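# Coordinate analysis (summary)
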Amino acid sequence: MRSNLLPILTALGLLSLSQAFAPDPEPRWWKGNTHTHTLWSDGNALPEYAVTWYKDRGYHFLALTDHNILQESETWFPVATAGGARLQPDQVKAVLESKNPLLEERTREGQREVRLNRHTELVQRFSEPGKFLLVPGEEVTSSWRSPGPEGRGHPVHINAIGLEAFIPPARGTSVVDVLNQVFDAIAAQEKSQGSSVFGHLNHPNFGWGVSWEDMARIRAGIFFEVFNGHTGTADAGNENHPGTDEMWDRANILRLTELKLPLLRGISTDDTHHYHGGKVAGPGRGWIVVRAKSLDLDSLTQAMRAGDFYSSSGVDLQDLKVTPTSYSLQAKVREGEALTIEFVGARKGDAPEPVVFSTSQGAEASYTFQGDELFVRARVTSNLPHPAPKVEGETQRAWTQPVLPGR
Ligand SMILES: [Zn+2]
Ligand SMILES: [Zn+2]
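In this report, the structure presented in the accompanying data block is examined. Residue numbers run consecutively from 1 along every chain, following the written order of its sequence. The lettering of chains begins at A and the numbering of ligands begins at 1, in the order of writing. Side-chain atom pairs in this predicted model are given and counted only at pLDDT of 80 or more, local residue features only at pLDDT of at least 70, and totals for whole chains, interfaces and linings cover all residues. Neither water nor hydrogens contribute to the side-chain values; these are computed over all heavy atoms in the structure.

## A few points about the pairing of strand S9 (residues 223-228)
Side-chain direction in a regular strand flips from residue to residue, so the side chains alternate between the two faces of the sheet. Note the cut-off: Categorising residues by exposure relies on relative accessible area from a 1.4 Å probe, with only protein chains included: less than 20% of the type maximum marks a residue as buried, more than 50% marks it as exposed, and the intermediate range marks it as partly exposed. The secondary structure listing takes helices from DSSP runs of H or I that are at least 4 residues long and strands from runs of E that are at least 2 residues long, numbered from the N terminus. Pairing between strands requires that DSSP locate at least two bridges from one strand to the other. For a crossover, the right-handed case is the one in which the path from the first strand over the helix to the second runs clockwise, viewed with the strands pointing away from the viewer.
Here S9 lies mainly inside the structure; six of its six residues are buried. The pairing of strand S8 (residues 198-201) with S9 spans two bridges and is classified as parallel. Its bridge partner being in S9, histidine 200 is matched across the sheet by phenylalanine 223. Judged from the five bridges that link them, S9 and strand S10 (residues 265-269) form a sheet pairing that is parallel. Note on S10: the bridge partner recorded for phenylalanine 223 is arginine 265. The parallel pair S9 and S10 is bridged by helix H8 (residues 244-259), and the resulting crossover is right-handed.

Okay, here's the thing in structure tokens:
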């Protein structure tokens, strides 16, 4: 804007002086979780209860991602009269006693029921500019059955974040076909609604649904869960299946060398189902932290696509910097904590394999590119145990995003 226009515009009240001279905000870190269930599908919390859990603990953004449903219809849920059922009277009481509860209740033929809040109502109640952002989500939950006498179901679960219209599960001729149908539908929706919508492949090892070779062939998406807080998702793999950390590098090698597809980025989520105790799928186990100028889905998505975020199952970072010649990071250290920082990836060559380029102890580390790397990313491992380990001895970690050195 030409400066001689400023006095005129401010005089007309079209622009305040502070707006006219406000510098672009500095990017900052925003913490969020993009995989959460509620009573809208198989979670055991009222949507209001779930959102409160995250907002009260300092999360900046959250997506409720129920299986094959958007939170938009009029839906009444029975309150349990005995133990074991999903909505216990205690939870209803806690919500009713909270500040400005949204909850409505009724009694039908002697059964007490409460209405599940719609996404739009939750946004109105909980979203606060610059403080907390509730984004729409759905876990598009498909399954592909391999043929023949040995045939079995392969779960293919993909979260769609930011969508305005329901995306149905896909049927296809293979796992790769199902993956691409859903990611294509997400990309088409982003185009038609004109605002950010992104997908992430969930828990590829759940039910050994999606192999790294399948994952590599996702055309219209770049995100997958390297960590999922549900204890049944087999992130660590087993004797016949690599863990998600190794799958990530193997998939990226294939994408860069043969398939000519962009780097996959690893995210971490809760996949919360249980809010009231129990070890299976509680909240607060995995999250992402995104460096963006403002707390809105377009800014967050843009930063995530550029790889400017990290994933965590407990370790938090202070800073992260990639230059044309090096990759460096600094982690926050808690009392009694010892950290190991590894730079991992693959080297160029005939048959690249995942490698560890360097390992060091301490809160910060830097890696200087040698020129022969295909891609490089970092992994930070703490000595502190994870509160809900999926394998014995699992400790807290953080993952940063792979880069193509020199670009
Ligand atoms: Zn799932
Ligand atoms: Zn889920």
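Still more ground to cover, so stick around.
## Details of helix H4 (residues 89-96)
Test applied: The arc in question is formed by the directions pointing from the helix axis toward the C-beta atoms. By definition in these notes, contact holds between two residues if any of their heavy atoms fall within 4.5 Å.
For H4, the set of buried residues is Gln91, Val92 and Val95. Across the axial projection of H4, the buried residues extend over an arc of 100°, all falling on one side. Each element contacted by the buried residues of H4 is listed here: helix H3 (47-56) and strand S5 (111-115).

## Examining the coordination of the zinc ion (ligand 2)
Put simply, the test is: Keep in mind that water is not among the atoms, so a site may look incomplete; donors are the N, O and S atoms within 2.8 Å of the metal, or 3.2 Å for Na, K and Ca. In this scheme the shape depends on donor count and angles: four donors with every angle between 85 and 135 degrees give tetrahedral, four or six donors with opposite pairs above 155 degrees and others between 65 and 115 give square planar or octahedral in turn, and any other case is irregular.
Protein ligation of the zinc ion (ligand 2) involves His35 (NE2), His37 (NE2), Glu139 (OE) and Asp271 (OD), the donor distances falling in the range 2.0 to 2.3 Å. Here the zinc ion (ligand 2) is ringed by four donor atoms whose angles at the metal span 80 to 171°, and the overall shape comes out irregular. Mapping the donors of the zinc ion (ligand 2) onto the primary sequence yields the spacing H-x1-H-x101-E-x131-D.

## Let's talk about helix H5 (residues 119-126)
Among the residues of H5, those classed as buried are His119, Glu121, Leu122 and Phe126. The buried residues of H5 occupy one face: seen down the axis, they fall within an arc of 160°. In H5, those exposed residues whose orientation departs by more than 90 degrees from the buried face are Thr120 and Gln124. The secondary structure elements touched by the buried residues of H5 are H3, strand S2 (61-64), S5 and strand S6 (133-145).

## Focus on the sheet that holds strand S4 (residues 105-108)
The condition that has to hold: Only C-alpha atoms enter the line fits that serve as axes; for helices the fit covers just the stretch in contact. Angles between N-to-C directions range over 0 to 180 degrees.
Spatially, S3-S5-S4 is the arrangement adopted by the three strands of the open sheet, whose pairing is antiparallel. At either margin of the open sheet sits one strand with a lone partner, and together these are strand S3 (76-78) and S4. Taking each pair of neighbouring strands and ignoring which way they run, the sheet shows an average axis angle of 35°. As judged from the three bridges shared by S3 and S5, these two strands associate in the antiparallel manner. Residue proline 78 lies in a different strand from S5, and its bridge partner there is glutamate 113.

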